[in-house]
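# Chain and residue survey
What follows is each chain in one-letter form.
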Amino acid sequence: MAEAPFNKHFPVSWEELHRNAKALAWRLIDRGPWKGIIAITRGGMVPAAIIARELEIRMIDTVCVSSYDHQQQRNATVLKGVEGANAGDGEGWLIIDDLVDTGKTAEVVRKMLPKAHFATVYAKPAGRPLVDTFITEVSQDTWIHFPWDIELQFSQPIAKLRQS
Ligand SMILES: O=P(O)(O)OC[C@H]1O[C@H](OP(=O)(O)OP(=O)(O)O)[C@H](O)[C@@H]1O
Ligand code: HPA
Ligand SMILES: [Mg+2]
């Protein structure tokens, strides 16, 4: 498959992620009570932890899905479904992921838990119809760099960038 054309880059700091995940918790609190959270690994575990803390939810399970090698999308492969939580058709449960991009991951997980409420911090237009609640939309050609994938490093002065 050809490399996806991500023309724009959107780095997210830990503070920004925390603030946005907390904003998501504010949106979700009045739609509960929630029986528990299903976090989509791995990216969903960080916002899921923040939301669980804010909503005082201690029942948390995971659905383990893998669909990207860095920016290269593969088929969404389910490595583990919901096991311990007894979530049934998902009624009253929250599914949390960091983002929806093409919506492939969301599609697979929605089939497993059709009545669950699917929430993400970020959404791109193609995935947006599959999410019930999200906080920030970015364009389809933007790659979001999460804080766990990046580190502080030297940045060229703008003048130097102009010269190259
Ligand atoms: O809407 P989609 O096009 O399916 O993309 C969104 C999914 O891709 C990323 O996960 P990834 O499979 O890269 O695994 P990770 O969470 O372990 O990084 C992200 O965390 C979402 O789960
Ligand atoms: O924009 C993205 N950023 C990080 N992981 C992703 N997985 C799909 N799209 C993205
Ligand atoms: Mg993921």
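Scroll up for the structure.
This write-up is about the structure you can find in this document. (Residues numbered from 1 in each chain as written. Chains lettered and ligands numbered in written order. Predicted model: local features only at pLDDT ≥ 70, side-chain atom pairs only at ≥ 80, totals over all residues. Heavy atoms only, no water.)

## Some points on the site of ligand 1
Heads up, the rule is: In these notes, residues near a molecule or strand are those with any non-hydrogen atom within 4 Å of it. N or O atoms within 3.5 Å of each other form a polar contact, as long as, within protein, one can give a hydrogen and the other can take it, and as long as residues adjacent in sequence are counted only when both atoms are side-chain atoms. The Shrake-Rupley method, run with a 1.4 Å probe, gives the accessible areas here. Residue values count only the displayed protein chains as cover. Buried and open spaces are told apart on a 1 Å grid over the protein atoms alone, a cavity being a set of points where a 1.4 Å probe fits but cannot get out and a pocket being an open set with protein on both sides within 12 Å along at least five of seven lines. Residues with an atom within 4 Å of a point are the lining residues. Whether a molecule sits in a cavity or pocket is decided by its atoms, more than half of which must lie within 2 Å of the grid points. A run of DSSP states H or I qualifies as a helix once it reaches four residues; a run of E qualifies as a strand once it reaches two. Both are numbered from the N-terminal end. Each residue gets one of three labels, nonpolar for Ala, Val, Leu, Ile, Met, Phe, Trp, Tyr, Cys and Pro, charged for Asp, Glu, Lys and Arg, and polar for the others, Gly among them.
Ligand 1 sits among 16 residues. The nearest are Tyr 68, Asp 97, Asp 98, Thr 102 and Thr 105. For ligand 1, an oxygen atom lies 2.8 Å from a polar atom in the backbone of Ser 67. Thr 105 places a polar side-chain atom, nitrogen or oxygen, 2.6 Å from an oxygen atom of ligand 1. Starting from 500 Å² of accessible surface for ligand 1 in isolation, the protein chains cover 88%. A molecule is said to occupy a pocket when more than half its atoms come within 2 Å of that pocket's grid points, and by this definition ligand 1 occupies the largest pocket. Broken down by secondary-structure element, the contributors of at least two residues to the shell around ligand 1 are strand 3 (60-69), strand 5 (93-100) and helix 3 (104-112). It is strand 5 that provides the largest number of residues to the shell around ligand 1, a total of four residues. Split by residue class, the shell around ligand 1 holds three nonpolar, eight polar and five charged.

## Examining the site of ligand 2
Inspection of the region around ligand 2 gives Tyr 68, Leu 99, Asp 101, Lys 124, Thr 142, Trp 143, Ile 144 and Phe 146 as its neighbouring residues. At a separation of 2.7 Å, a nitrogen atom of ligand 2 approaches a polar side-chain atom of Asp 101. Within the side chain of Lys 124, one N or O atom sits 2.8 Å away from an oxygen atom of ligand 2. Contact with the protein chains removes 89% of the 260 Å² of surface that ligand 2 exposes when unbound. When atoms are counted within 2 Å of each cavity's grid points, the one that captures over half of ligand 2 is the largest pocket. A total of three residues in the shell around ligand 2 trace back to one element, the largest contributor, which is strand 8 (residues 142-145). A class-by-class count of the residues in the shell around ligand 2 yields five nonpolar, one polar and two charged.

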